[in-house]
Amino acid sequence: MRTFTNIFITGGAGFIGSNMIRYLLSKESGFSGRVINVDALTYAGNPESLSDIAERFGGGPAPRYVFVKADIRDRSAMERVIREYQVDAIIHFAAESHVDRSILGPEAFVTTNVLGTYTLLDVARLYWQERYGSLSAAPVLFHHISTDEVYGSLGDSGYFTENTPYDPRSPYSASKAGSDHLVMAYHHTYGLPITLTNCSNNYGPYQFPEKLIPLMILNMQEAKPLPVYGDGKNIRDWLYVEDHNSAVWTVMQKGRIGEKYNIGGENEWENITLLHRLIDIVAEETGKDPEQLQSLITFVKDRPGHDRRYAIDCTKLKTELGWKQSVSFEEGLRKTVRWYLTNSAWVQHVRSGEYRTWLEKNYNQR
Ligand code: NAD
Ligand code: DAU
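What counts as what
Residues numbered from 1 in each chain as written. Chains lettered and ligands numbered in written order. Predicted model: local features only at pLDDT ≥ 70, side-chain atom pairs only at ≥ 80, totals over all residues. Heavy atoms only, no water. Buried < 20%, exposed > 50% of the residue type's maximum accessible area, 1.4 Å probe, protein only. Helix = DSSP H or I, 4+ residues; strand = E, 2+ residues; numbered from the N terminus. Pairing = 2+ DSSP bridges. Axes fitted to C-alpha atoms, helices over the stretch in contact; angles between N-to-C directions. Near = heavy atom within 4 Å. Polar contact = N/O pair within 3.5 Å; in protein donor to acceptor, adjacent residues only side chain to side chain. Areas by Shrake-Rupley, 256 points an atom, 1.4 Å probe, with all protein chains shown as cover. Nonpolar A, V, L, I, M, F, W, Y, C, P; charged D, E, K, R; others polar. Left-handed = near helix turned anticlockwise from the far one by under 90°. Contact = heavy atoms within 4.5 Å. Salt bridge = Lys/Arg side-chain N within 4 Å of Asp/Glu carboxyl O.

### Describing the pairing of strand β5 (residues 141-147)
On any regular strand, side chains alternate: one points to one face of the sheet, the next to the other face.
Moving on, step 1. Of all seven residues that make up β5, seven are buried, and the element is covered over most of its length.
Moving on, step 2. Residues Leu-141, His-143, Ile-145 and Thr-147 of β5 are buried on one face, and the alternating residues Phe-142, His-144 and Ser-146, pointing to the opposite face, are buried as well.
Moving on, step 3. One ladder, built from four bridges, connects strand β4 (residues 89-92) with β5; its direction is parallel. Opposite His-92, over in β5, you have His-144 as the bridge partner.
Moving on, step 4. Two elements, β5 and strand β6 (residues 194-199), share six bridges in a ladder whose sense is parallel. Each bridged residue has a counterpart across the sheet, and for Ser-146 the counterpart in β6 is Asn-198.

Structure (structure tokens):
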């Protein structure tokens, strides 16, 4: 089993990255080293998501948690951090992550997701080469976080496996596919020790409320329309964020170098059916009338190029490394609803200025 001392996490102020830091610094992970969180704090990054972690682990002579505000496209900043903290593992979450934003403004997706990933790979390669001589024997790891969207869209049957050819269809998924190819190329060409995971849709606490589940919970709370794209029959495979992170950690410790692993919930839902379930849970948790909440459902103009169905086959991860999901959808949805209903200060802060402009831009034209 691989062990690490100084883990450099990019995008740790975002949804999945902040949950990963929380997981790594909990007893459950067994990790006893230091986490260096590097994040540019775009609209999606919020250090408040980790304020308790910074308080518990960020002080004293040997802090286990360090935050550095920096952009992954800034080569000299990346070099400085990797050297200063003698990084031996990188978990690369930082990305522009919202499909609708990639349709309305693709440039940041190309620069962060493709050029930013290239910059990190190159800085890591040169630093580790200098430190260990040969890269292939170096006790280091670059773990890249990717998505099932790189595989394209499925019809009514079939699943994405690790051998499914890439067929990205939005600027977001194309930029993620580009970053995946670069990661693989750095392994094959230079021997950089890498692992890569492609995960399905995550949900849980600290997700920015532009994404389906938190957007719907908060709109229900405020009796605002619940905007369903197209016919609402698009299918996603949902996974609780903690299960994503336990899978990433399993792959980092035990996965084969140079390999990719799919991660999924094995939990497919049509958007509209999911929304009805969410309405029932919000109604139970708040005492609101479910029929009134149903009446807020509004079918709006579809997302251009909207992928119809994603479904992950994660047999490789389960059989080779022994990982499995631990949170049922029912339990995860209820925990998520409760979290958004009780963390209104966090919600208020992330929904300030930029978020309002986004809502106008994305929904007023539908
Ligand atoms: P997010 O948008 O919530 O967070 C992204 C974080 O990256 C933010 O903190 C942001 O400030 C930071 N960031 C963006 N550009 C940066 C830059 N140039 N330099 C430094 N930091 C930058 O995203 P998320 O949902 O947590 O997704 C994290 C990763 O997981 C992404 O790579 C995404 O493609 C992948 N992924 C997400 C899902 C999902 O359902 N959310 C599923 C599979 C894979
Ligand atoms: O599959 C993994 C991907 O999941 C990640 O790579 C992305 O970073 C993440 O954002 C997510 O992408 P989706 O596009 O699937 O997620 P989103 O929450 O934006 O939408 C989920 C589904 O709900 C999708 O079919 C579009 C639909 N939708 C979304 C919004 C925001 C609506 O019907 N109405 C909405 O207002």
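### Details of the sheet that holds strand β7 (residues 201-203)
Moving on, step 1. The sheet built from three strands is open, its strands ordered β7-β9-β11 with mixed pairing. Only two strands of the sheet have a single neighbouring strand rather than two, namely β7 and β11 (268-270). The mean angle between the axes of side-by-side strands here comes to 50 degrees, regardless of whether they run parallel or antiparallel.
Moving on, step 2. As defined by bridge partners, strand β9 (residues 235-240) adjoins β11 across three bridges and the pair is classed as antiparallel. Across the sheet, Arg-236 pairs through a bridge with Trp-269, a residue of β11.

### Comments concerning the site of ligand 2
Moving on, step 1. Around ligand 2, the surrounding shell holds 24 residues, and the nearest of these are Thr-147, Asp-148, Tyr-172, Arg-303 and Tyr-363.
Moving on, step 2. Ser-97 places a polar main-chain atom, nitrogen or oxygen, 2.7 Å from an oxygen atom of ligand 2.
Moving on, step 3. With respect to ligand 2, the backbone of Leu-212 contributes an N or O atom lying 2.8 Å from an oxygen atom.
Moving on, step 4. Its free accessible area being 690 Å², ligand 2 has 94% of it covered by the protein chains.
Moving on, step 5. At the level of elements, α7 (212-221) and β8 (226-229) are the ones that each hand at least two residues to the shell around ligand 2.
Moving on, step 6. The biggest single contributor to the shell around ligand 2 is β8, with three residues.
Moving on, step 7. Its residues placed into classes, the shell around ligand 2 shows ten nonpolar, eight polar and six charged.

### Points about the site of ligand 1
Moving on, step 1. In the vicinity of ligand 1 lie 29 residues, with Ile-16, Asp-39, Ser-97, Tyr-172 and Lys-176 positioned nearest.
Moving on, step 2. Within the side chain of Asp-71, a nitrogen or oxygen atom sits 3.0 Å from a nitrogen atom of ligand 1.
Moving on, step 3. Take Lys-176: an N or O atom from its side chain is 2.6 Å from an oxygen atom of ligand 1.
Moving on, step 4. Burial of ligand 1 by the protein chains amounts to 97% of its free accessible area of 840 Å².
Moving on, step 5. Elements supplying a minimum of two residues to the shell around ligand 1: α1 (15-24), β5, α6 (171-190) and β7.
Moving on, step 6. The dominant element in the shell around ligand 1, judged by the number of residues it contributes, is β5, at three residues.
Moving on, step 7. Its residues assigned to classes, the shell around ligand 1 comprises 14 nonpolar, eleven polar and four charged.

### Thoughts on the packing of α1 against helix α8 (residues 241-254)
Moving on, step 1. Look at α1 against α8: their axes get within 9 Å of each other, and the N-to-C directions meet at 65 degrees. The chirality of how α1 crosses α8 is right-handed. Of α8, the residues touching α1 (which contributes Phe-15, Ile-16, Asn-19, Met-20, Tyr-23 and Leu-24) are Val-241, His-244, Asn-245, Ser-246, Val-248 and Trp-249.
Moving on, step 2. Residues belonging to the contact of α1 with α8 are distributed by class as follows: eight nonpolar, four polar and no charged.

### Considerations on the pattern of salt bridges
Moving on, step 1. Inspection of the entire model under this criterion finds 26 salt bridges.
Moving on, step 2. Linking Asp-100 and Arg-303 is a salt bridge whose minimum nitrogen-to-oxygen distance equals 2.7 Å. Here the residue Asp-100 occupies a position in helix α4 (residues 99-104), and Arg-303 occupies one in the loop between β12 (297-300) and α11 (315-321), the gap between them amounting to 203 residues. You'll find Asp-100 and Arg-303 in the same group, each marked buried.
Moving on, step 3. Arg-334 is paired through a salt bridge with Glu-330; the nearest N and O atoms lie 3.6 Å apart. Remark: Glu-330 and Arg-334 occur in helix α12 (residues 329-342); sequence separation between them is four residues, near one turn of the helix.
Moving on, step 4. Judged by relative accessible area, which is 35%, Glu-330 ranks as partly exposed.
Moving on, step 5. Connected via shared salt-bridge partners are Arg-277, Asp-280, Glu-284, Glu-285, Glu-330, Arg-334 and Arg-338.

On their own, these measurements won't tell you what the molecule is for.
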